[in-house]
Amino acid sequence: MTIPPHGGTLVQRLVGEDERAAALELVTRLPSITLDPRGVADVGLIASGAYSPLTGFLGRDDYLRVLHEMRLASDLPWSLPITLRITDGAALRDTVALKGPDGSVLGLLEVRQVFRHSKEEEAQLVYGTTDAKHPGVAQLYAQGDSLVAGDVRLLARPVPRFPELALDPADTRRAFAERGWRTVVGFQTRNPVHRAHEYIQKAALETVDGLLLHPLLGPTKDDDVPADVRVRSYRVLLERYSPRDRVLLAGFPAAMRYAGPREAVFHALVRKNYGCTHFIVGRDHAGVGNYYGSYDAQKIFDRFAPGELGIQPVCFEHTFFCRRCGGMASPKTCPHTSECHVTLSGTKVREMLRSGVLPPPEFSRPEVVQVLADGLREVVG
Ligand SMILES: [Zn+2]
């Protein structure tokens, strides 16, 4: 028996085969909105139930409560405004077609409301800053002033970049049930998995039945490691260092928003919809630059009553290989000074790989390093 989805029901907003022909015909006569890659990702996630209980883009009541209280109008916790902003929605009525950046038809939006709200206030409340240099804020500022609310229905699923990793919440739930996993910990990442994160995953896995390694494969910043290189690095790590029957690798097709603490809560709630009972929250989860405190993304979970989120955050401090301890550790488990610890920043790792220096095995598995070094050569070459 897997955990109930957020709000109790797994939302399904896919147009059935029997209705598809009529809907595609209807679309040709409708006005349309062209979505950016993040919008495309959001529509897919709404349709698959990953954003349950959301059935579409937020209306004003839900939007304002999410901004100010991290709740939907129904009181249910929800931390990020899932919205569709366009330049001018004043003339929109009834049903509109949703198209991808390439002009292909994705789905339908039943327009319920069009409203406006200050982007600066949204930025301050969601991202904790109005600084246009923050990538999430920059994306918000680049969008239109009209928020279009309403339910969506997906007509055509975008072809996933990694079809074998494209598992919907219903699929992961089935996979957990088949494996007999009653408790599952989810791990979100947009980075390669080095020893520190492998250790966190395995420490959490020691106390539950299974691990969902759920890398974000939607749009990220240009300087994040490309998704195909990351996927190769996850595969080689799992093949060599994880028991097959305890770990499931699947892609999380969302875009990064870099909203730090609020995105950590969002990531947890969404993983509950995928069937996870536990969710790992590391240091500076979903952070960028110095916009958030190292442990803000863990502290924010205290703002909800026990049981209210329905998924258990599992919080970790930063971890490292300690030469004196002779193994992986954290400030909670190691008494030695930082000179004994093997730690490298992402920037430093990149510098090393670029100049042909391989990070030590205490920092990263040699097989992972090799995949990243090869991947970087492809990018440069
Ligand atoms: Zn130590």
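Treat the numbers as computed from the prediction; the structure is a model and nothing was measured.

A.B. asks: Can you help me understand the pairing of strand β6 (residues 146-154) in this one?
C.D. replies: Among the nine residues that make up β6, seven are buried, leaving the element largely enclosed by the rest of the structure. As paired strands, strand β2 (residues 56-57) and β6 are joined by two bridges and run antiparallel to one another. Residue pairing across strands places Gly-56 opposite Asp-151, the latter belonging to β6. Sheet topology places strand β3 (residues 85-86) next to β6; two bridges connect them, and they run antiparallel. Looking at β6, one finds that Arg-85 is bridged to Leu-147. Two elements, strand β5 (residues 105-116) and β6, share nine bridges in a ladder whose sense is antiparallel. Along β6, the bridge assignment pairs Leu-108 with Arg-153.

A.B. asks: Before we go on, may I ask you to explain the coordination of the zinc ion in this structure?
C.D. replies: For a metal with four tetrahedral donors the ideal donor-metal-donor angle is 109.5 degrees, while six octahedral donors give ideal angles of 90 or 180 degrees. Protein ligation of the zinc ion involves Cys-322 (SG), Cys-325 (SG), Cys-334 (SG) and His-336 (ND1), the donor distances falling in the range 2.1 to 2.3 Å. What the four donor atoms of the zinc ion show is an angle range of 100 to 115 degrees at the metal, which sorts the shape as tetrahedral. Mapped onto the sequence, the residues coordinating the zinc ion show the spacing C-x2-C-x8-C-x1-H.

A.B. asks: Sorry, what's going on with the pattern of salt bridges here?
C.D. replies: Close approach of charged atoms allows side chains of opposite charge to pair. This model, assessed by the stated rule, comprises 19 salt bridges. One salt-bridge network, in which partners are shared between bridges, spans Glu-19, Glu-110 and Arg-153.

A.B. asks: Sorry if this is basic, but what is going on with the side chain of Ser-364 here?
C.D. replies: Examined against the element boundaries, Ser-364 turns out to sit in the loop between α11 (346-354) and α12 (366-380). The exposure class of Ser-364 is buried, given its relative accessible area of 1%. Of the polar contacts made by the side chain of Ser-364, one reaches the side chain of His-194; its length is 2.8 Å. Excluding its chain neighbours within four sequence positions, the residues that come into contact with Ser-364 are His-194, Arg-195 and Val-369.

A.B. asks: For this particular structure, what's the right way to read the sheet that holds strand β9 (residues 247-249)?
C.D. replies: Overall, parallel pairing links the five strands, which are arranged β9-β8-β7-β10-β11 in an open sheet. The open sheet terminates on both sides in strands that have one partner only, identified here as β9 and β11 (312-315). Adjacent strand axes in the sheet meet at a mean angle of 25 degrees when their direction is disregarded. In the sheet, strand β7 (residues 184-189) pairs with strand β10 (residues 278-281) via two bridges, with the strands oriented parallel. Bridging across to β10, Gly-186 finds its partner in Phe-279. Sheet strands in contact with helix α7 (residues 195-205) are β7, β8 (210-215), β9 and β10, and its direction is about 165 degrees off that of β7.

A.B. asks: Please explain the side chain of Thr-129 as it appears in this structure.
C.D. replies: Considering the arrangement of structural elements, one finds Thr-129 in the loop between α4 (119-127) and α5 (135-142). Polar contacts involving the side chain of Thr-129 include one to the main-chain amide nitrogen of Asp-131, which spans 2.9 Å. Ignoring anything within four residues of it in the chain, the contact list for Thr-129 reads Ala-123, Gln-124, His-134, Val-137 and Tyr-291.

A.B. asks: Please explain the pairing of β5 as it appears in this structure.
C.D. replies: Relative to β5, strand β4 (residues 95-99) runs antiparallel, the two being bridged by five bridges. Bridge pairing links Val-96 to Leu-109 in β5. Between the end of β4 and the start of β5, which pair antiparallel, lie five residues, with Gly-103 showing a positive phi angle near 90 degrees.

A.B. asks: What am I meant to see in the nonpolar core here?
C.D. replies: Generally speaking, soluble globular proteins have nonpolar side chains that are buried together. Ile-33, Tyr-51, Trp-78, Leu-84 and Leu-109 are the most contacted members of the largest nonpolar core, which has 71 residues in total. The greatest single-element share of this core, amounting to six residues, is contributed by helix α9 (residues 261-273). The residues contacting Ile-33, other than those within four sequence positions of it, are Leu-84, Ile-86, Leu-92, Val-96, Ala-97, Leu-98, Lys-99 and Leu-109. If you look at the next biggest cluster of nonpolar residues, it comprises 36 residues, including Val-193, Leu-205, Val-236 and Val-342.

A.B. asks: Is there a simple way to explain the packing of α4 against α5 in this structure?
C.D. replies: The description of two helices packed together rests on the angle between their axes and the distance between the axes. Relative to each other, α4 and α5 sit at 155 degrees, their axes nearing to 10 Å. On the basis of the axis angle, α4 is roughly antiparallel to α5. In this structure, α4 meets α5 at a crossing whose hand is right-handed. For the pair formed by α4 and α5, the contact residues are Lys-119, Glu-120, Glu-122, Ala-123 and Tyr-127 on the first element and Gly-136, Val-137, Leu-140 and Tyr-141 on the second.

A.B. asks: When you look at the packing of aromatic side chains in this model, what are you seeing that I'm missing?
C.D. replies: Think of a pair of aromatic rings as described by two things: how far the centres are apart, and how the planes are tilted against each other in angle. Across all of its chains, the model carries six aromatic pairs by this definition. With 6.1 Å between their ring centres and 85 degrees between their planes, Phe-252 and Tyr-274 make a pair best called edge-to-face. Of the two residues, Phe-252 sits in the loop between β9 and α9 while Tyr-274 sits in the loop between α9 and β10, which places them 22 residues apart along the sequence. Of the two residues, Phe-252 and Tyr-274, neither departs from the other in class, the shared state being buried. Three or more aromatic residues joined by ring pairs make a cluster, and in this case those are Tyr-51, Trp-78 and Phe-266. Geometry around Phe-252 places Arg-271 over its ring, the cationic atom sitting 3.9 Å from the centre. The cationic tip of Arg-365 hangs over the ring face of Tyr-241; the distance from NZ or CZ to the ring centre is 3.9 Å.

Conventions used here
- Residues numbered from 1 in each chain as written.
- Predicted model: local features only at pLDDT ≥ 70, side-chain atom pairs only at ≥ 80, totals over all residues.
- Heavy atoms only, no water.
- Buried < 20%, exposed > 50% of the residue type's maximum accessible area, 1.4 Å probe, protein only.
- Helix = DSSP H or I, 4+ residues; strand = E, 2+ residues; numbered from the N terminus.
- Pairing = 2+ DSSP bridges.
- Donors = N, O, S within 2.8 Å, 3.2 Å for Na, K, Ca; no water.
- Tetrahedral: all angles 85-135°; square planar, octahedral: opposite > 155°, others 65-115°.
- Salt bridge = Lys/Arg side-chain N within 4 Å of Asp/Glu carboxyl O.
- Polar contact = N/O pair within 3.5 Å; in protein donor to acceptor, adjacent residues only side chain to side chain.
- Contact = heavy atoms within 4.5 Å.
- Axes fitted to C-alpha atoms, helices over the stretch in contact; angles between N-to-C directions.
- Core = buried A, V, L, I, M, F, W, Y, C linked by side-chain atoms within 4.5 Å.
- Parallel < 35°, antiparallel > 145°, perpendicular 65-115°, else oblique.
- Left-handed = near helix turned anticlockwise from the far one by under 90°.
- Phe/Tyr/Trp six-rings, centres within 6.5 Å; stacked < 30°, edge-to-face > 60°.
- Lys NZ or Arg CZ within 6 Å of the ring centre and 35° of its normal.

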